Structure formats: C-alpha cells, structure tokens
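# Inside the fold
Residue strings, one per chain:
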Amino acid sequence: MNLFDVLEEQNKQTPLAELMRPVTLGEFLGQNQLFGEHNAVLNLLNSKRLFSLLIWGTPGCGKTTLARLIAKETDCKFIELSAVTSGVKELKASVEEAQTALRNGQKTIVFIDEIHRYSKTQQDALLPHIERGTIYLIGATTENPSFQVIPALLSRTQVVRLNPIDNDNMLKIIRKGYKYLMDKYGKVTLDSEIGDFIVKYANGDARLALNLVENSYFASSYKDGEKFLTIDIIQELAQSKAIKYDVQEHYDIASAFQKSLRGSDKNAAIYWLAKMISAGEDPRFIARRLIVCASEDVGNADPNALTIAMNAYKAVELLGLPEGRIPLAQAVEYVADAPKSNKSYMAINNALSDIQNGQNYSVPQHLRDSHYKDASKYGFGEGYIYTHNNPNAKQSFLPDEIKNKNYFE
C-alpha cells in the first residue's frame, strides 16, 4: 500500500454492517434451509467442489457475505464486481486474472453483485469462461432470476434462494451489533423495547438493522454521567422507510390481492391494496386488477361489480393519489363481498382451448352473411330463421361438429 492508501484506510469510517459480517459459515445466521444438517448446498461446500450459482434474495439477507464465505471455504481467489459499475471490459480483466491464478494452481470465483442489471450481451460474455471452467460465477440478485437472467446462464448455474432474516436471528444480530459497539466505545443502557422495534423496522434486512443500531448508539444521550438509549431516539431515527417492492413483489402482491378478492377476504384485500399504494404502485394498475377480478371472479353473479370497478378506475384517473385510495378501497370492499361466479371466464377459456386444439370449424351455411349481391349463389344465409319473427323456432348456432357443446356448465 502507498501512503495515500494508508491515509484512506486510517480516515474512512467502515459501517458496522461491514464490520459485523460473519467470517465462517458457522457464524452465518438466518438461512437454516441451506445450512441445516445434510443439506445439499452445505454438502457441496464441505466437499470443496466448486459450482457456479446465482444467489437470489431480499436486500440485507447475506448474499455478498455468503459469496465471500464460499470463496474462503474453498480457498479460491475472489474477484468482486458490481453490475452497476462494471461491463465487458472488467469481465475480460477478471478472466485474465483467473487464467493467471489457474496457472498457479488456484481457482477463481467472480462475484457479480446486482447481476440482473447486466444486459444480455454482458451476460453472454460470461458463458464461454464458465463453460471452460476458467471462472466460477456467483451472481447476487434481488430480482427473480427466471425473469432477469438469460436462459443460457441459468442452465449453467445453480439458483440458491435466501430468505429474509427471521426474527430470532435478527435479534441475535442486533444484540451482537450493540455488544461490538459497547466493547469498543463504552456501555450504554438500552430500553427493553429497542430490540423488538428494530426487528420490525428491519423486516428481514440485517444491513438496515445494523445501520440503525450504529446510528442509535452514537445518538444516545447522557444522564448523570451514564449513556442511555431510549425507544424515542430509535423511533426518531427510524421514522419512515421505503417499502421493498421489486419486480417480483409487484407480481406477487398483485397475485395476493386478486386471490384475496376472489376468496371474499376484504381485510386481506385491503391490506395488499395498502401495501401497493405505500410502495408507489401505479393506481391505474391496481384498478385494472379490480376490473379483471370483477369480471373473472364475480361475473354475472353480480354484474354491478364490474360497473363499480370501472368507476373506480375513472375516479382514480380523475383524482390521482392520495384521494384515489378511497374509491379503490370502496371498490375492493364491494368486489370482495360480492357473490362469485367464474362461468364466463371458464367458458371463454374452454372455447379458446377447443379452437387451439383443432376444433376450428367453419361457419354453417345458414349463419353466413347474406347481405351482398352474390351471397345467394352460394346458398349463404339459406334456411336461417329470423328469431324475432319466430322466437320458438329451433335452429343451431354452433358448427355441426360441436352442435351440442355446452361451454357454460
């Protein structure tokens, strides 16, 4: 290190979340589904058998930490890139480093954070080097890899999903954070509710929790020569936080919203509505989901549900947010409470399925258009009975091949 590097190291303030990263797999908290006894992923790591993988999980669940630990456990060279600041040039440089390391008997893991931000071309550039075994890839993403990673790269990697940190392990992380700070900077007396508050605030994000631990420790107050940290200080620091809402959450919450409406659970539906609004979802998208549900799931059991949903859409366009939340909530209550019928939905799906599976029949002669000069030459319209003149007349309106088909069961 040169003098400037030394000065940088001396002057920078490393965040507590970085200082508290586990240094062994045994210290890695919150992912029992991966590191329980006889788990396949743990067995692979213990065998020192390297493999490329994509780590999918919410912010602060340990993706980067796990990648570093895997490199440490397998004695690999570790090259860390961010998809935000790197591209094909940096990938080529990493491959050259890996080739040099291989000649010296060491394998290389290239870790790419936020890999979903790479373009198709950038992801393609990884393929030959993974295929030849020059590098082992570990990609971290908060987005569903099925949507954001090219199929060729998916087929060459193992996808591992990390869960948000559960409450018990989050509390352990919070306590370790305060202990580290107290051991280094001095004791502080904590209100008993602080741990539970931070657990709820962090919502599975260990980085968010430790940032609040660090800030709150240094924001604590003195009284009679002792340092105290009250719940009021924590709440003032926390205030409001952004709701996690990525592409996957967008689809998952919309799915939960419509299923709650279908299941006539208006309390659940209003909760998912609130979550979408809080996350900044386009209210017109929410209104469109309501319209779909009013037709698909309520249908003609209560035709007024579709009218209510359509009016909610118009109201949202007119009002915007925050006022638009009110007609949305009104429509949610009505659609959830309405009786349910999916007969129309099933009928059109069944008819489409028949046509796509070969039952693509021509219009019978008597139903064909006869409003032009030469139609009579071909017998078009011949035998058709005008229903208003003879409402009781029996005639078929389906092709002869499926004339007895009943789509509305």
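Residues numbered from 1 in each chain as written. Predicted model: local features only at pLDDT ≥ 70, side-chain atom pairs only at ≥ 80, totals over all residues. Heavy atoms only, no water.

Moving on, we come to helix α17 (residues 283–298). With 16 residues, α17 extends 21 Å from end C-alpha to end C-alpha; this agrees with the ideal 22 Å at 1.5 Å per step. Residues of α17 that are buried include every one of Pro283, Phe285, Ile286, Ala287, Leu290, Ile291, Cys293, Ala294, Glu296, Asp297 and Val298, and no others. In this structure Asp282 caps α17, since a side-chain oxygen of it lies 2.9 Å from the backbone nitrogen of Arg284. Of the residues trailing α17, Gly299 is marked for its positive phi of about 55°. (Helix = DSSP H or I, 4+ residues; strand = E, 2+ residues; numbered from the N terminus. Expected span 1.5 Å × (residues − 1). Buried < 20%, exposed > 50% of the residue type's maximum accessible area, 1.4 Å probe, protein only. Polar contact = N/O pair within 3.5 Å; in protein donor to acceptor, adjacent residues only side chain to side chain.)

Another aspect to go through is the layout of surface pockets. Quantified by volume, the second largest pocket comes out at close to 530 Å³. Lining the second largest pocket we find 26 residues, and of these Ala17, Arg21, Thr65, Ala206 and Arg207 sit closest to its centre. Secondary structure elements with two or more residues in the lining of the second largest pocket: α2 (16–19), α5 (63–73), α11 (167–185) and α13 (206–218). When residues in the lining of the second largest pocket are grouped by element, the largest group, 4 residues, is from α13. For the lining of the second largest pocket, the class distribution of residues is 12 nonpolar, 6 polar and 8 charged. (1 Å grid on protein atoms, 1.4 Å probe; cavity = no way out; pocket = protein on both sides within 12 Å on 5 of 7 lines; lining within 4 Å. Points joined across faces, edges and corners; volume = space filled by probe spheres on them. Nonpolar A, V, L, I, M, F, W, Y, C, P; charged D, E, K, R; others polar.)

Residues Met170, Ile174, Tyr178 and Ile198 are the most contacted members of the largest nonpolar core, which totals 27 residues. Of all the secondary structure elements, the ones that give two or more residues to this core are α2, α11, α12 (194–202), α13 and α14 (231–238). Each residue touching Met170, except ones within four places of it in the same chain, is listed here: Ile165, Val199, Ala202, Gly204, Asp205, Ala206 and Ala209. In this structure, Ala269, Leu273, Ile286 and Ala338 belong to the second largest nonpolar core, which totals 26 residues. (Core = buried A, V, L, I, M, F, W, Y, C linked by side-chain atoms within 4.5 Å. Contact = heavy atoms within 4.5 Å.)

Bringing the pairing of strand β2 (residues 77–82) into the picture now. Note that β2 and strand β3 (residues 108–113) share 6 bridges and pair parallel. Looking at β3, one finds that Ser82 is bridged to Asp113. Note on the crossover from β2 through helix α6 (residues 88–103) to β3: the handedness is right-handed. (Pairing = 2+ DSSP bridges. Right-handed = clockwise from strand over helix to strand, strands pointing away.)

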